[in-house]
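Spelled out, the chains give:
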Amino acid sequence: MASPPVGQTEIIPLNAAQRTAVEHLHGPLLVVAGAGTGKTRVIIERILYLLDTIPELQGENILAITYTNKAADEMKARLRRRGDKRAEDVGVYTFHAFCYELLRRHDEAVRILDAIDYWIFLRRRLDQLGLDIFKRLAEPGRFLNAFREFFSRCQDELVSPADYARYVEELAAAFEKEKNLLAEDERREREEELRRQWELARAYEAAERLLAEAKRTTFGGSLLAAVKLLESNAAVREHYQDRLRYILVDEFQDANIAQIRLLELLAAKHQNITAVGDDDQAIYRFRGASYASFRLFARLFPNRREITLAHNYRSTARLLRVATELIAQNEKARFDPKKKLIPTLPPGEKVRLVEVEDAAAEAAHIASELKRRYERTGSYEGSAVLYRAHLHRNALVQALTRARIPFVVRGLSVLTNTLVRDLLAYLRAIENPRDNIALARLLAIPAWQATPEMLFELIQRAQRERTSLAAAIESLHPAVRDQQTPLGALLGLLAELRRRAAELSLMELFDLLLERLELRLLPADPDRPSFDAFVAFLKRWEEEKSQTRRLAEFLEYLDYFEEADGRIELPEDRERRDAVQLMTVHSAKGLEFDSVFVLRLNHNEFPTRRRNPLFEFPLALMKEEHPPGDFHIQEERRLCYVALTRAGRRLDLVTLAGERQRASIFLEDILRDARVAREVEQARAAPAPVEPPAGAVPEWEALFAARQNGACYSRIVQWATQGPVPEAEEPLRLSHSDVETYLKCPLKYKLAHRWKLPGAATPAMLFGKIMHSSVAEFWRARREQRPVSREELQHIYEQQWRQSGWPFRDAYQEREYRSSGWEQLQGFYERHAGEPVAVLELEKTFHWPWQDVVLTGRMDQVNRLGERAVEIIEYKTGQPRPAKKVEKDLQLALYAAAAEQHLGWVPRRLTLYNFTVNEPISFLPTERNVTRALDTVLRVADGIRAGDFRARPGFHCRYCDYQRLCPEYEQPPAAAPAGDAAPPTEDVQKN
DNA sequence: AAAGGTCTATTTTTT
DNA sequence: ATAGACCTTT
């Protein structure tokens with residue numbers, strides 16, 4: 001428990017229902033135990049009662065199953081406390097740990113891959129998955145998460161690759177029969193869908209085969225395999241059936257079909273199975289939990305006994321009244337629609353419902369409430385803030401940091417920690433001397449004594465000399481070679497470690513790095529837990545996952561890890577009690593707090609908007625009936641119920657009431673009945689205090705002050721948000737891509753175009769360049785009246801590849817790009833080889849002074865159509881866009897304007913030629929679109945001149961090079977805990 | 001009322 | 001990239 005239990009302690013005697021559940025001896029038992037009714041206690045007491053009552057019963061005859069390791073550990077600890085050997089021997093497992101052990105008896109070598117490692121496993125074997133429709137050259141891993149989720153869903157439902165293939169065969173057969181009766185477009189649609197299904201079935205089969213060959217399995221796979229083993233192997237089955245005389249399952253509402261089948265098999269002989277849970281708290285449907293686990297249990301064990309625990313020992317009566325009213329709206333979907341919690345505590349305070357203007361006001365409100373309570377009680381213990389999605393906490397984290405309120409965030413990746421990011425920057429700069437982003441980060445570490453101005457100067461020089469930042473340092477300061485200057489020392493350090501990287505393992509190299517940096521963290525350092533988690537991650541990789549143990553392989557792994565949305569989480573912080581707990585509602589399940597805030601109770605936030613998976617698990621394969629009503633809202637409502645029932649004495653609900661915000665339907669649920677509404681006190685919070693300037697977190701410098709030791713703690717985020725900016729050249733020069741970059745993210749524009757810090761090239765960009773220059777070569781020859789044969793074009797193309805090289809590591813991607821590029825070029829050749837040449841310009845650049853800016857650009861090709869009439873052609877690689885989108889394309893509209901108003905042409909036609917489809921789209925931009933494009937340019941110019949460079953996080957961040965420098969992805973340093981964090985005892989020398 | 005255009009935000013999590 | 005919500009136009 002995250003706080004001392006407010007409810008029933010073990011001294012209070014069991015109530016009648018609890019006692020009946022504990023003392024039930026023979027046959028199946030279903031315990032429907034609402035929130036706070038002492039369900040874990042019943043399980044423990046029941047195990048102890050069985051051991052006491054049946055003398056010949058051994059610990060190993062009892063199996064207790066939970067969902068999380070944490071729950072299992074807690075149960076073990078409570079059994080151990082009994083000090084009874086038999087109680088200690090009771091098998092307490094998670095479902096997956098149990099299956100894993102079962103499988104390992106038959107194959108010692110089997111290992112389980114978690115979701116991220118499975119993603120990486122598949123990513124490295126993409127070429128063997130037989131992908132065609134679900135192949136994306138620019139983003140090879142694009143569909144892997146969807147695949148992984150789908151495979152896992154299949155396994156939850158006990159559907160093997162062979163089962164799925166059979167299902168698709170049936171679909172195909174049905175289609176064959178009907179297809180002559182179908183209208184043309186419907187037939188085509190069905191064919192299309194069938195091909196997708198075949199590919200899905202093939203990929204599932206291939207993925208499982210690859211896992212088996214590598215002696216790996218997944219969580220879902222291990223469950224399916226365990227069930228198959230028990231079904232097919234009588235000896236194993238009977239062994240377990242004999243041994244397991246009593247089986248108890250906690251949180252049964254979250255069981256999926258495979259887990260229920262497993263239990264059925266294990267309990268077949270003795271039938272002594274106890275399922276405990278609360279269907280109102282079923283919140284894991286999205287990962288396969290059955291719609292109706294309780295109903296399935298009832299069907300499998302018709303002679304079960306059923307007990308309902310209704311007395312709640314956690315929450316005040318008022319609070320329960322509100323929570324109960326909410327969940328009652330799920331009526332149709334509930335196992336027992338009438339179930340109600342019975343309060344045992346006094347009425348207590350009213351539930352508070354507060355309307356605030358926006359996210360900042362929400363954060364400010366919660367922070368000031370917390371502060372008020374602290375002033376009253378002298379502690380932050382026992383308070384939690386719960387939210388639906390991690391994103392909802394961002395403003396709050398800032399507000400709490402600013403207010404110096406200690407807090408612990410669950411599920412935060414240490415990859416957002418400044419120190420960890422710095423160490424990673426060192427590792428990256430060691431591995432790749434041309435990694436400018438990493439080096440920029442390092443330059444902002446005080447120990448190296450660089451300034452933003454120095455960085456800008458270096459960037460300029462690197463650009464002029466077409467080299468890396470590191471090379472620019474050497475050429476700017478020849479003195480660095482003798483390592484007398486701080487920058488020289490930095491380069492020297494990187495070079496030394498780079499030399500050693502060949503012979504040292506990752507951990508050896510990392511230790512050497514720490515030694516050189518003289519990084520010393522005191523046990524009480526707020527960064528200690530993040531640092532430790534990071535080191536544990538490195539170790540674990542080296543020992544369990546790596547082939548070579550070398551830095552290069554690790555960085556490849558880490559890139560994939562991040563692409564797969566992997567997080568390195570802090571172990572749960574049991575020590576820091578005097579802190580507010582921030583977590584998602586999901587991770588709050590099973591916990592209780594004296595005081596709970598639930599935030600963002602808004603339409604489309606909580607409940608979240610409905611979203612369907614890319615690959616829907618087919619209804620036809622589902623082994624259970626679908627529940628009535630709107631399942632999404634029901635599940636979200638259960639989640640909200642979980643949130644409300646975490647609270648003991650105080651519950652604060654917060655909703656945004658800004659102009660475009662609607663309240664959550666759950667608030668309506670609660671307020672609909674006037675008698676319940678009376679238990680809620682409604683208020684409107686004071687307007688939010690004025691926010692500090694964009695992106696600024698003023699206290700960072702103060703928070704850094706305590707961390708002066710070691711050559712770490714980069715100030716790059718402050719440089720990026722508050723530091724000086726190189727003077728802009730006036731008039732401002734803007735290309736279409738500058739404009740688009742600024743619109744996407746002003747901070748990215750600032751770093752890429754004002755700082756001019758170059759990001760890394762991407763495979764897609766390289767491919768685009770190769771295709772463009774191949775075509776330009778082709779037209780250049782044609783313009784000179786030289787016919788070009790297909791072989792010559794191929795020669796040109798291959799020449800381009802040779803010149804560029806492939807600086808990326810993914811050989812599969814290169815192969816695919818290379819062959820697909822040639823195929824596309826041949827399509828282009830078919831179309832244009834015989835065409836008369838009308839090329840007026842190739843790669844025509846322009847600088848058009850317009851109003852107070854200069855518009856720049858480069859037209860791929862301009863064809864002559866008449867006296868002054870021209871066609872402007874742009875070539876594109878990658879996913880084609882529909883014609884409608886193309887017609888509003890900013891780039892082409894600007895080119896049209898430049899052609900007409902600056903180059904003296906009459907653009908008759910703008911053509912976008914996409915290589916992928918080999919189908920040009922031609923149009924003439926409307927007056928309106930041109931005006932709009934030019935307006936956009938002016939708007940952007942205004943923003944730039946006003947110095948508005950706020951980061952705009954979003955979808956595009958995924959492939960943004962500057963993420964490693966971005967304030968949106970870096971947590972402010974934690975406030976040092978008052979008092980006990982002594983300053984470093986020695987002033988560490990800085991290199 | 002329907003259609004089309006524009007804006008906006010893109011989960012939750014265990015093993 | 002994409003879907004859904006919301007806004008505008010017909």
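> Any chance you could explain the packing of helix α1 (residues 16-23) against helix α2 (residues 39-53) here in plain terms?
In a pair of packed helices, the angle between the axes and the distance between the axes together describe the arrangement. Where α1 contacts α2, the two axes come as close as 8 Å, and the packing angle between them is 45 degrees. Considering their axes alone, α1 and α2 lie oblique with respect to each other. Crossing hand, α1 versus α2: right-handed. Touching Gln18, Ala21, Val22 and Glu23 of α1 are Val42, Glu45, Arg46 and Tyr49, all from α2.

> Please clarify how unusual backbone geometry should be interpreted in this entry.
In terms of backbone geometry, most residues other than glycine have negative phi values and most peptide bonds are trans. Residue Phe606 is joined to Pro607 through a cis peptide bond whose omega torsion reads 10 degrees. Here Pro607 lies in the loop between β15 (593-598) and α26 (631-644). Along the chain, Glu730 connects to Pro731 via a cis peptide bond; the corresponding omega equals -5 degrees. By the secondary structure assignment, Pro731 is in the loop between α30 (716-722) and β18 (732-735).

> Before we go on, may I ask you to explain the side chain of Gln241 in this structure?
Position of Gln241 relative to the elements: it lies in helix α11 (residues 234-243). Assessed through its relative accessible area of 11%, Gln241 is described here as buried. Side-chain polar atoms of Gln241 contact the backbone oxygen of Leu265, separated by 2.7 Å. Beyond its immediate sequence surroundings of up to four residues, Gln241 is in contact with Leu265, Leu266, Ala268, Lys269 and His270.

> It is not clear to me how the sheet that holds strand β6 (residues 246-249) should be interpreted in this structure. Could you clarify?
Two orientations exist for strands paired in a sheet by backbone hydrogen bonds: parallel and antiparallel. Spatially, six strands are ordered β3-β2-β6-β7-β1-β8 in an open sheet, and the strand pairing comes out parallel. The open sheet has two edge strands, β3 (91-94) and β8 (305-309), and neither has a second partner. Sheet twist, expressed as the mean angle between neighbouring strand axes with direction ignored, is 15 degrees. Bridging between strand β1 (residues 29-33) and β8 involves five bridges; their strand directions are parallel. Residue pairing across strands places Val32 opposite Thr308, the latter belonging to β8. Contacts between helix α12 (residues 257-266) and the sheet are confined to β2 (62-66), β6 and β7 (273-277), with β6 contributing the most and set at about 160 degrees to the helix. Packed onto the sheet, helix α13 (residues 293-300) meets β1 and β7 and runs at close to 160 degrees relative to β1.

> How should I be thinking about empty space enclosed by the protein in this particular structure?
Taking a probe equal in size to a water molecule and rolling it over the atoms shows the remaining empty space. Inspection of every chain in the model, using the stated rule, returns six cavities of 30 Å³ or more. Taken as a whole, the second largest cavity holds about 100 Å³ of empty space. In this structure, the second largest cavity is lined by 13 residues; those nearest its centre are Cys745, Lys748, Cys957, Cys960 and Cys966. Of the residues contributing to the lining of the second largest cavity, the split by class is nine nonpolar, two polar and two charged.

> I'm lost on the protein's contact with DNA strand C in this one. Help?
Within the structure, DNA strand C sits among Arg142, Asn604, Arg660, Arg662 and Phe955. Each atom of DNA strand C within 4 Å of the protein was classed as base or backbone; sugar and phosphate made up 58%. Its residues placed into classes, the surface near DNA strand C shows one nonpolar, one polar and three charged.

> Sorry if this is basic, but what is going on with helix α21 (residues 486-501) here?
Along an α-helix, residues three or four positions apart point the same way, because every turn accommodates 3.6 residues. Between its first and last C-alpha atoms α21 spans 22 Å; for 16 residues at 1.5 Å apiece the expected length is 22 Å, and the two agree. Along α21, the positions that sit buried rather than exposed are Leu487, Gly488, Ala489, Leu490, Leu491, Gly492, Leu493, Leu494, Glu496, Leu497 and Ala501.

> What exactly am I supposed to notice about the protein's contact with DNA strand B here?
In the vicinity of DNA strand B, 25 residues are found, and the nearest of them are Asn69, Phe219, Arg388, Thr584 and Phe955. What you see for DNA strand B is that sugar and phosphate hold 51% of its atoms within 4 Å of the protein. Within the contact set of DNA strand B, a phosphate oxygen lies 2.5 Å away from a backbone nitrogen or oxygen of Asn69. Within the contact set of DNA strand B, a base oxygen lies 2.8 Å away from a side-chain nitrogen or oxygen of Arg388. Here the residues of the surface near DNA strand B are counted per class, giving seven nonpolar, nine polar and nine charged.

> Just to check I follow, could you spell out the packing of aromatic side chains for this structure?
The geometry of an aromatic ring pair comes down to the distance between the two centres and the angle between the two planes. Considering all chains together, one arrives at 49 aromatic pairs under this definition. Judged by centre distance (5.3 Å) and plane angle (90 degrees), the ring pair of Phe294 and Phe335 falls under edge-to-face. Taken together, the residues Phe294 in helix α13 and Phe335 in the loop between α14 (317-328) and β10 (342-343) connect sequence positions 41 residues apart. Phe335 sits in the partly exposed class, given a relative accessible area of 21%. An aromatic cluster is present here, built from Phe134, Phe143, Phe147, Phe150, Phe151, Tyr164, Tyr167, Tyr204 and Phe615 joined pairwise through their rings. Lying over the aromatic face of Tyr560, Arg809 brings its terminal NZ or CZ to 5.4 Å of the ring centre.

> Would you mind showing me how to read the side chain of Ser595 here?
Position of Ser595 among the secondary structure elements: in strand β15. Side-chain polar atoms of Ser595 contact the side chain of Arg373, separated by 2.8 Å. Discounting residues that sit within four places of it in the chain, Ser595 has contacts with Arg373, Gly382, Ser383, Ala384 and Arg650.

> I would appreciate a short explanation of a positive patch on the surface in the present structure.
There is a patch of like positive charges on the surface, built from Lys884, Lys885, Lys888, Arg928 and Arg932. Counting only elements with at least two residues in the positive patch, the list comes to α36 (883-886) and α38 (927-945).

> I would appreciate a short explanation of the pairing of β2 in the present structure.
Along any regular strand the residues' side chains alternate between the sheet's two faces. The element β2 is extensively covered by neighbouring structure, given that five of its five residues are classed as buried. As defined by bridge partners, β2 adjoins β6 across four bridges and the pair is classed as parallel. Considered in β6, the bridge of Ala64 is made with Leu248. Note that β2 and β3 share four bridges and pair parallel. The residue bridging Thr66 from the neighbouring strand is Thr94, located in β3.

> What should I look at first to understand the pattern of salt bridges in this one?
Pairing is possible between side chains that carry opposite charge, provided their charged atoms lie close to one another. The full count for this structure, using the stated rule, is 76 salt bridges. For Asp280, the salt bridge goes to Arg334, with nearest N and O atoms at 2.7 Å. Of this pair, Asp280 sits in the loop between β7 and α13 while Arg334 sits in the loop between α14 and β10, and the two are 54 residues apart along the sequence. Residue Asp280 shares its accessibility class with Arg334, and that shared class is buried. Ionic pairing is found between Asp669 and Arg672, a salt bridge with its closest N-O pair at 3.3 Å.

How each quantity is defined
- Residues numbered from 1 in each chain as written.
- Chains lettered and ligands numbered in written order.
- Predicted model: local features only at pLDDT ≥ 70, side-chain atom pairs only at ≥ 80, totals over all residues.
- Heavy atoms only, no water.
- Axes fitted to C-alpha atoms, helices over the stretch in contact; angles between N-to-C directions.
- Helix = DSSP H or I, 4+ residues; strand = E, 2+ residues; numbered from the N terminus.
- Parallel < 35°, antiparallel > 145°, perpendicular 65-115°, else oblique.
- Left-handed = near helix turned anticlockwise from the far one by under 90°.
- Contact = heavy atoms within 4.5 Å.
- Buried < 20%, exposed > 50% of the residue type's maximum accessible area, 1.4 Å probe, protein only.
- Polar contact = N/O pair within 3.5 Å; in protein donor to acceptor, adjacent residues only side chain to side chain.
- Pairing = 2+ DSSP bridges.
- 1 Å grid on protein atoms, 1.4 Å probe; cavity = no way out; pocket = protein on both sides within 12 Å on 5 of 7 lines; lining within 4 Å.
- Points joined across faces, edges and corners; volume = space filled by probe spheres on them.
- Nonpolar A, V, L, I, M, F, W, Y, C, P; charged D, E, K, R; others polar.
- Near = heavy atom within 4 Å.
- Expected span 1.5 Å × (residues − 1).
- Phe/Tyr/Trp six-rings, centres within 6.5 Å; stacked < 30°, edge-to-face > 60°.
- Lys NZ or Arg CZ within 6 Å of the ring centre and 35° of its normal.
- Patch = residues over 30% accessible without salt bridge, like charges linked within 9 Å, V, L, I, M, F, W, Y side chains within 5 Å.
- Areas by Shrake-Rupley, 256 points an atom, 1.4 Å probe, with all protein chains shown as cover.
- Salt bridge = Lys/Arg side-chain N within 4 Å of Asp/Glu carboxyl O.
- Lys, Arg positive; Asp, Glu negative; His and termini not counted.
- Charge placed at Lys NZ, Arg CZ, Asp CG, Glu CD.

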